[in-house]
Amino acid sequence: MATNSTTRRKPAPLRHPKAGEPLPEYGTTNLSSSYRRSLRARDLATIDRALQILRVWLTDDRSVFDTPDAVKDYLRLHLAAEPVEHFAVIFLDSQNRGIAFERMFTGTLTQTSVYPREVVRAALRHNAAAVVLAHNHPSGNVKPSRADEALTHSLKQALALIDVHVLDHVIVGSSNALSMAEKGLV
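Calculation notes
- Residues numbered from 1 in each chain as written.
- Predicted model: local features only at pLDDT ≥ 70, side-chain atom pairs only at ≥ 80, totals over all residues.
- Heavy atoms only, no water.
- Axes fitted to C-alpha atoms, helices over the stretch in contact; angles between N-to-C directions.
- Helix = DSSP H or I, 4+ residues; strand = E, 2+ residues; numbered from the N terminus.
- Parallel < 35°, antiparallel > 145°, perpendicular 65-115°, else oblique.
- Left-handed = near helix turned anticlockwise from the far one by under 90°.
- Contact = heavy atoms within 4.5 Å.
- Salt bridge = Lys/Arg side-chain N within 4 Å of Asp/Glu carboxyl O.
- Buried < 20%, exposed > 50% of the residue type's maximum accessible area, 1.4 Å probe, protein only.

J.: Would you explain the packing of helix H3 (residues 116-126) against helix H4 (residues 146-160) in this entry?
T.: The angle between the axes and the distance between the axes are what describe a pair of packed helices. Look at H3 against H4: their axes get within 10 Å of each other, and the N-to-C directions meet at 45°. With respect to their mutual orientation, H3 and H4 come out oblique. H3 and H4 meet at a crossing whose hand is right-handed. Packed against H3, whose contacting residues are Pro116, Val119, Val120 and Ala123, the element H4 presents Ser154, Leu155, Ala158 and Leu159 at the interface.

Quick look at the structure:
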């Protein structure tokens, strides 16, 4: 059997730091701005394992997101310690069970550009019936801005065109999270 010379090789496995070794920021090798640089390898491994378990639960028949507090806790685990703004979406099926969690956009210290077209495309790709929108405020202040409210309204309108419901928009701070749905803003 002939082999194709353009076949892809498997990527090299990620190297896990040794105990006590400083860790790079997620997705980079630059330690100068990493919030994770003070974590030990054992602590990072524990966090990564917890995220793996949550990913399994996210797609399991069990209802992980049965309360707004469970959603906020999940999102805090993913977004609270980020040094810049990230916009993420939890995609849900018709029974409000998690299909996927996806970080869609990364911005600066104070803002992130979000493109409704890309959120709609992702919802279609995941075959989602509903979504929970989320972003973090690195400042720690979880009070929604006018821009946050306008973005929620814009995304709600765009997703309604494809029959995807926006259940909530959660703003994550360093030590707490705010549900815009609980405040009557969705």
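So that's the structure; there's more coming.
J.: Help me understand the pattern of salt bridges, please; the structure alone is not making it clear to me.
T.: When the charged atoms of two side chains lie near each other, side chains of opposite charge can form a pair. Under the criterion given, the structure shown has six salt bridges. The salt bridge partner of aspartate 93 is arginine 97, with a shortest N-O separation of 2.9 Å. Looking at aspartate 93, the relative accessible area reads 17%, which means it is buried. The exposure class of arginine 97 is partly exposed, given its relative accessible area of 29%. Linking glutamate 102 and arginine 125 is a salt bridge whose minimum nitrogen-to-oxygen distance equals 2.9 Å. One end of the pair, glutamate 102, is in strand S2 (residues 98-106); the other, arginine 125, is in helix H3, and 23 residues separate them in sequence. The class of glutamate 102 is partly exposed, set by a relative accessible area of 21%. Overall, the relative accessible area of 55% leaves arginine 125 in the exposed class. Linked by salt bridges that have partners in common, Asp69, Lys72 and Glu182 make up one network.

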